[in-house]
Amino acid sequence: MAQILLLHSAYGLRPAVHQAADRLRAAGHGVSVPDLYDGRTFEDVEEGMAYKEELGSEELLRRAVTAAAPLLADGTRLVYAGFSLGASLAQNLALADEHALGLLLLHGTSDIREDAQTELQVQLHLADPDPFEPEDWQNAWYLGMRKAGAEVEVHRYRGAGHLYTDPELPDYDAEAAERTWAVALDFLDEVAQAG
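Residues numbered from 1 in each chain as written. Predicted model: local features only at pLDDT ≥ 70, side-chain atom pairs only at ≥ 80, totals over all residues. Heavy atoms only, no water.

Engineer: Any chance you could explain helix H3 (residues 57-72) here in plain terms?
Structural biologist: Three- or four-residue spacings in an α-helix give side chains the same orientation, since the helix completes a turn every 3.6 residues. For H3, which comprises 16 residues, the first-to-last C-alpha distance of 22 Å matches the rise-based estimate of 22 Å (1.5 Å per residue) to within 8%. The set of residues buried in H3 consists of Leu60, Arg63, Ala64, Ala67, Ala68 and Leu71. Taken down its axis, H3 places every buried residue within 130° of arc, on the same side. In this structure, H3 carries Glu58 and Pro70 as exposed residues pointing more than 90 degrees from its buried face. (Helix = DSSP H or I, 4+ residues; strand = E, 2+ residues; numbered from the N terminus. Expected span 1.5 Å × (residues − 1). Buried < 20%, exposed > 50% of the residue type's maximum accessible area, 1.4 Å probe, protein only. Arc of directions from axis to C-beta.)

Shown next, in the form of structure tokens:
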């Protein structure tokens, strides 16, 4: 069993995030789903991004660190996971945690510090193409993670929308979502056994 910190997208803590957490719990994992937006959710990505900008990247990262702290207090090794914006935050937390068990990125990535070093197992799931994750960026991100020492798997889903795992959004792609969860659950089982 893995203990997972699952971070929401710029839309906020929507039902799809709770559904994902329930799916992970049903597979035997512990899941914490913090609300980084103080209860606010958005139906439109522009509104969600505007609120993200209002809060600021540093504040969002501080909130994510605060959410992780009680889970780490007893020496638990976490799998960091997130959707889009939450994936970006999860990546930053995981690269700063030398005891992290794994990193599951759904629909997003983040910058990588030049001096980053890690032995993380990382799995990334993206739409192909993805307007928020252009191919040049993806290639640079992959090379940066490999340079840092991570073991990286990338899964792309042709024709899916950016946030294709959320059934309530126009991006939703049921087949891509089911394939993503099947692969992700195998990954989580592997990192839990390795840890």
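Following the structure, the description resumes.
Engineer: Please clarify how the pattern of salt bridges should be interpreted in this entry.
Structural biologist: Pairs may arise between side chains of opposite charge once their charged atoms sit close together. Applying the stated criterion across every chain yields a total of 13 salt bridges. Here glutamate 43 makes a salt bridge to arginine 14, at a shortest N to O gap of 3.7 Å. Taken together, the residues span a long stretch of sequence, with glutamate 43 in the loop between strand E2 (30-32) and helix H2 (45-55) and arginine 14 in the loop between strand E1 (3-7) and helix H1 (15-26) at a distance of 29 residues. Residue classification places arginine 14 among the buried positions, given a relative accessible area of 3%. Arginine 62 is the salt-bridge partner of glutamate 59, the closest N and O atoms lying 2.7 Å from each other. With glutamate 59 and arginine 62 both in helix H3, this residue pair falls 3 residues apart, about one helical turn. The exposure class of glutamate 59 is partly exposed, given its relative accessible area of 22%. The network of salt bridges with common partners includes Arg14, Glu43, Asp166 and Glu168. (Salt bridge = Lys/Arg side-chain N within 4 Å of Asp/Glu carboxyl O.)

Spatial relationships are all this shows, so hold off on functional conclusions.
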